[in-house]
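# Observations on the model geometry
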Amino acid sequence: MRASLICLLSLAFLSACRGGRGPEHGAAPPALWDASALVPADTPYVMANLTPAPAAVRQKMAAIAQRQLAQATKELAPMLVQTQAPWARALQSILAELRTQPLDQWWQNSGFADGGRFVLYGLSVWPVVRIEVSRPAAVRDLVQRTLAAAGQPTEPAQRGRWQTWQLSAEGAALILAVTATEVVAAALPSELAPRALPWILGEQRAPQSLLEAATLPALARSYALLPQLLTVIDLRAVLAILTGTATGVAAELAPAALSPALRSKACVTELGNLVELMPRVVFGYQRFDAQAFAGSMIFEMPPRVTARLGKLTTAVSGVSWPVLGKPLFAMAAALDMRELGALLAELSDAVTARPFACPELTALNEVISQWHPSSALSVLPPLFAEARGFELVIEEYTAEPTSASGHLSLVSRRLDTLPGLLSAVPGLPPLSPVEGTPFDLGLDALGLDWLRGGHGVIRGDKLVAVVGADSQSRALEQQRLPTPKTSPLLVMAYDVARMRELSEVFASNLLDSSYREAALALEVMERGLRMQVMGTW
């Protein structure tokens, strides 16, 4: 039962990514379909694709989805063969149809609208997905074929304008409903199904809908996000459900098997304090076209939290966003380890002075107490304990013959300890660097002559070490890079296409074969932490 819902939700997600001919071929125009009108404004989570993506994007994503579906089918096959549960037979039926036709053709033949508009949300905590349809009769046929393959009743119940089906097994229920403009699927405990059905069909509605609250367009404007695949997780709403303080449908359909301790005064207070540190998470795209994508996940936080996190960040030359150049791989951070130690000390001292009393949180008392820098950072040499940032870049690498080119930059208040630290490396000759003058890294003595040179330069609090051709001049160039006004807290980038040439297994574990480049960054902004992703395909 649960697995069949997962399959339906996965197909709904893929619907936003599939190709199609456009709204003129049967999909209702935007003004006639906005499922957010049936979503409670206080839903704990929502993912919405209420505006069709451009046709070129849908075609690009359809090809990716087709490959991912083929891989998922291959992985599911052994498990489906071993079980004869109704959900497994239903899934086998859908996968059998997909083996005979491309995903986009199957989607269209099954009666779903070309625009790929859908909304996935929580009715209390239970998932509901609404998908736009263009030919409801074809969707009903799909539902009945699938139910027949699962050995389940196929005749729908008529309820107003809806045709509905309900499947129950092992205490869980899957509700399916079709009307002239949409198909709905919901999963929840069987005992809650009668109370949930009026909400699922729109017969009963919350005092304010997501459409009326205008939450999604407001967030899109605030963070400059596109309307496709906009996702929001409201942790305050989640907490209200878990602690029994929710109202309306969230309370009416709340899970029954929650720990009683969650509703204690200590848990309500302490969990509430934690949630207020990060009350909401938002994800969306700034760019989503046939050539590239750029998206952001924002962890919203109050100003007092972002101000404290802002002290962790530094400005380090070479650590920027977007990443400079086109490296094979790059990883960098602009993180002040001294400030990190101070923050860990604050957290450790606060929990020691006032430990968590909520039973669900008491395990954190010991964990956080160990974060104190006197124990957590004491194992680090001063060179790293006093670091303010670093950058590691692999520009080129070949396996046969083995060669590499790249550089490492380290900014630290204790570069004076570098010679002593390196003296502990067996075989490495003593280093006596002169400020601003390139020095040999001594890689030949370590048997690393395949790196073809290696030089370092120290200037002020910055060390640059370069390997590969022209390492002396490149080390000086890296030292001369200007310091940006701000640097991201963390940056990572990789060239997927070139990595795939080196190792198909390694690259395939990163991203689909359609991707060429990918990068991510984590930065502190005024309203919280933002993780940015970008890439080309």
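### Details of the overall build of the chain
Helix and strand counts for the chain stand at 20 helices and 19 strands. Viewed in the frame of its principal axes, the chain has a C-alpha envelope of about 85 × 55 × 45 Å. By residue count, 49% of the 537 residues in the chain fall in the buried class. Long-range contacts, defined here as pairs at least 24 residues apart, represent 65% of the contacts in the chain between residues at least 6 apart. If you sum the accessible surface of the chain, you get close to 25200 Å²; carbon and sulfur atoms cover 60% of it. Once the 44 positive and 47 negative side-chain charges of the chain are each reduced to a mean point, those two points are 5 Å apart.

### Here's the deal with the nonpolar core
Within the largest apolar cluster, 40 residues are counted, with the highest numbers of intra-cluster contacts made by Trp106 and Phe112. With residues near it in sequence (within four places) discarded, Phe112 still touches Trp106, Trp107, Ile131, Glu132, Val133, Ser134, Val139, Leu142 and Val183. The next biggest cluster of nonpolar side chains, apart from the first, holds 38 residues, and it includes Trp162, Ala177, Ala196 and Leu230.

### Focus on unusual backbone geometry
In this model, Trp321 is joined to Pro322 through a cis peptide bond whose omega is 0 degrees. Looking at where Pro322 falls in the secondary structure, it is placed in the loop between α12 (303-310) and β11 (329-333). Look at Ala224: it is not a glycine, yet its phi comes out positive at around 55 degrees. By the element assignment, Ala224 lies in the loop between α8 (215-222) and β8 (230-234). Residue classification places Ala224 among the exposed positions, given a relative accessible area of 54%. Despite not being glycine, Leu229 shows a phi value in the positive range, around 50 degrees.

### Let's talk about the pairing of strand β16 (residues 462-467)
In terms of burial, β16 is a largely internal element, 6 of the 6 residues being buried. The side-chain alternation of β16 yields two buried faces, one formed by Lys462, Val464 and Val466 and the other by Leu463, Ala465 and Val467. Here strand β13 (residues 403-412) runs beside β16; their pairing, made up of 6 bridges, is antiparallel. Each residue of the ladder has a partner; that of Leu408, found in β16, is Ala465.

### Observations concerning the packing of aromatic side chains
For any pair of aromatic rings, geometry is given as the distance between the ring centres together with the angle between the planes. According to the stated counting rule, one finds 7 aromatic pairs in the structure shown. Geometrically, the ring pair formed by Trp106 and Phe112 is tilted, given 6.3 Å between the ring centres and 40 degrees between the ring planes. With a centroid separation of 5.2 Å and 80 degrees between ring planes, the pair formed by Phe283 and Tyr285 is classed as edge-to-face. Note on Phe283: relative accessible area 18%, which makes it buried. A relative accessible area of 15% means that Tyr285 is categorised as buried. In this structure an aromatic cluster arises from ring pairing among Phe283, Tyr285, Phe288, Phe293 and Trp537.

### Description of the packing of helix α9 (residues 235-242) against helix α11 (residues 265-277)
Between α9 and α11, the shortest axis-to-axis distance is 9 Å and the interhelical angle comes to 165 degrees. As judged from the angle between their axes, α9 and α11 are roughly antiparallel. Handedness of the α9/α11 crossing: right-handed. Across the interface between the two elements, Leu235, Arg236 and Leu239 from α9 touch Leu271, Gly272, Val275 and Glu276 from α11.

### Some details on the pairing of strand β15 (residues 454-459)
Of all the 6 residues making up β15, 5 are buried; the element is thus mostly covered by neighbouring parts of the structure. One ladder, built from 2 bridges, connects strand β14 (residues 439-440) with β15; its direction is antiparallel. Within β15, the position partnered with Phe439 by the bridge is Gly456. As defined by bridge partners, β15 adjoins β16 across 6 bridges and the pair is classed as antiparallel. Across the sheet, the residue bridging to His455 is Val466, located in β16. Between the end of β15 and the start of β16, which pair antiparallel, lie 2 residues, with Gly460 showing a positive phi angle near 65 degrees.

### Quick word on the environment of Val275
Relative to the helices and strands, Val275 is located in helix α11. Judged by relative accessible area, Val275 falls into the buried class, the value being 14%. Excluding residues within four positions of it along the chain, Val275 makes contact with Leu235, Arg236 and Leu239.

### Notes on the confidence of the model for the chain
Summarising the model, the chain shows a mean pLDDT of 86, and 91% of its residues fall at 70 or more. By mean pLDDT, the top-scoring element of the chain is β8 (97), and the lowest-scoring one is helix α1 (residues 2-15) (44). Low pLDDT, under 50, characterises residues 1-32; the stretch is placed with 76 contacts to residues that sit more than four places away or in other chains.

### Here we look at the environment of Pro217
With respect to the helices and strands, Pro217 occurs in helix α8. For the pair Pro217 and Leu230, spaced 13 residues apart in sequence, the C-alpha separation works out to 9.5 Å.

### Notes on the layout of surface pockets
A volume near 1100 Å³ is recorded for the largest pocket. Around the largest pocket sit 28 residues that line it, and Asn273, Leu274, Leu277, Leu347 and Phe356 are the ones nearest its centre. Listing elements by their share of the lining of the largest pocket, those giving two or more residues are α11, α12, α13 (337-353) and α14 (363-369). By residue number, the principal contributor to the lining of the largest pocket is α11, which donates 7 residues. Class assignment for the residues of the lining of the largest pocket results in 21 nonpolar, 2 polar and 5 charged. Estimates place the volume of the second largest pocket at around 830 Å³. Forming the walls of the second largest pocket are 38 residues, and the residues nearest its centre are Leu392, Leu408, Leu410, Leu463 and Ala465. Here the lining of the second largest pocket takes 8 residues from strand β12 (residues 387-398), the largest share from any one element. Per-class residue counts for the lining of the second largest pocket are 33 nonpolar, 4 polar and 1 charged.

### Considering the pattern of salt bridges
Taken as a whole and assessed by the stated rule, the structure comprises 20 salt bridges. A salt bridge links Arg413 to Asp336; the shortest N-O distance between them is 2.6 Å. Of the two residues, Arg413 is situated in the loop between β13 and α17 (418-422) and Asp336 in the loop between β11 and α13; the sequence distance between them amounts to 77 residues. A relative accessible area of 7% means that Asp336 is categorised as buried.

Rules of the game
Residues numbered from 1 in each chain as written. Predicted model: local features only at pLDDT ≥ 70, side-chain atom pairs only at ≥ 80, totals over all residues. Heavy atoms only, no water. Helix = DSSP H or I, 4+ residues; strand = E, 2+ residues; numbered from the N terminus. Buried < 20%, exposed > 50% of the residue type's maximum accessible area, 1.4 Å probe, protein only. Contact = heavy atoms within 4.5 Å. Areas by Shrake-Rupley, 256 points an atom, 1.4 Å probe, with all protein chains shown as cover. Lys, Arg positive; Asp, Glu negative; His and termini not counted. Charge placed at Lys NZ, Arg CZ, Asp CG, Glu CD. Core = buried A, V, L, I, M, F, W, Y, C linked by side-chain atoms within 4.5 Å. Pairing = 2+ DSSP bridges. Phe/Tyr/Trp six-rings, centres within 6.5 Å; stacked < 30°, edge-to-face > 60°. Axes fitted to C-alpha atoms, helices over the stretch in contact; angles between N-to-C directions. Parallel < 35°, antiparallel > 145°, perpendicular 65-115°, else oblique. Left-handed = near helix turned anticlockwise from the far one by under 90°. pLDDT = per-residue confidence, 0-100. 1 Å grid on protein atoms, 1.4 Å probe; cavity = no way out; pocket = protein on both sides within 12 Å on 5 of 7 lines; lining within 4 Å. Points joined across faces, edges and corners; volume = space filled by probe spheres on them. Nonpolar A, V, L, I, M, F, W, Y, C, P; charged D, E, K, R; others polar. Salt bridge = Lys/Arg side-chain N within 4 Å of Asp/Glu carboxyl O.

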